[in-house]
Amino acid sequence: MASSCLASPAGAALCRPRRPRCRVACSAADAGEKSTEPVAWFSAGGKNAGRLACGVLAAWAVASASNPVIAASQRLPPLSTEPNRCERAFVGNTIGQANGVYDKPLDLRFCDYTNEKSNLKGKSLAAALMSDAKFDGADMSEVVMSKAYAVGASFKGTDFTNAVIDRVNFEKADLTGAIFKNTVLSGSTFDDAKMEDVVFEDTIIGYIDLQKLCTNTSISADSRLELGCR
């Protein structure tokens, strides 16, 4: 995809693809390390927003070094017998949003939140177990999902606008038509996930994460263009 790049005062490269977005390349390294990791940001926002995106992703790079996404082969705990465990998503976690630390485990496996439009919005679902749950058509805007395990879950048409999706395992999940508008999408995995017609408008995503995401062949041509996949 054709683009033009200019050097900014801060030394970052601003690339303008066909759509009115810009790419901000910044570096994130842990204290005492010499290595850096490039970060890409796709947005129509300005200089201040670019600094914010780099700050968010730099913080993630430090935190994720010791907190990888749960592997699909890792043994999960037995299904909770708590009678109202599915309703606990409407409260969410109250502490430890960034690193998946929680005050009480959230076991949402096999729960059905189809077309839930009010009770999930803005909740913190840190380290939630969400495999095989249904969130089709749900409003999950502004949620904080950090280190959640969503293997095999269904998010068809789910609205993740303004959400923070950090180190979530979406392996084999169905994300057909999901909306990641102005969403921080960092460190998450989408192996064998269904991603037809997913909306990536103004998505904030790391450069390495973008490269991995673009290997998913189910992403439609329009979405690939929106992301800047090559």
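This is a predicted model, so every value here is computed, not measured.

Criteria and cut-off values
Residues numbered from 1 in each chain as written. Predicted model: local features only at pLDDT ≥ 70, side-chain atom pairs only at ≥ 80, totals over all residues. Heavy atoms only, no water. Helix = DSSP H or I, 4+ residues; strand = E, 2+ residues; numbered from the N terminus. Buried < 20%, exposed > 50% of the residue type's maximum accessible area, 1.4 Å probe, protein only. Contact = heavy atoms within 4.5 Å. Areas by Shrake-Rupley, 256 points an atom, 1.4 Å probe, with all protein chains shown as cover. Phe/Tyr/Trp six-rings, centres within 6.5 Å; stacked < 30°, edge-to-face > 60°.

Novice: Please explain the overall build of the protein as it appears in this structure.
Specialist: When helices and strands are counted, the protein shows three helices and nine strands. Beginning at the N terminus, the succession of helices and strands in the protein can be written as β-β-β-β-β-α-β-β-β-β-α-α. For the protein, buried positions account for 50% of its 230 residues. Across the protein, contacts joining residues at least 24 apart in sequence account for 30% of those joining residues at least 6 apart. Approximately 11200 Å² of the protein is accessible, and the part contributed by carbon and sulfur atoms is 53%.

Novice: Even after reading the chapter, I still don't get the packing of aromatic side chains, so can you show me in this structure?
Specialist: Centre-to-centre distance and the angle between the planes together describe a pair of aromatic rings. What the rule picks out here adds up to eight aromatic pairs. When the centroid spacing of 5.9 Å and the interplanar angle of 75° are considered together, the rings of F90 and Y113 count as edge-to-face. With F90 in the loop between α1 (47-64) and β6 (144-146) and Y113 in the loop between α1 and β6, this pair connects stretches of sequence that are 23 residues apart. F90 gets classed as partly exposed once you look at its relative accessible area, which sits at 27%. We classify Y113 as buried; its relative accessible area is 4%.

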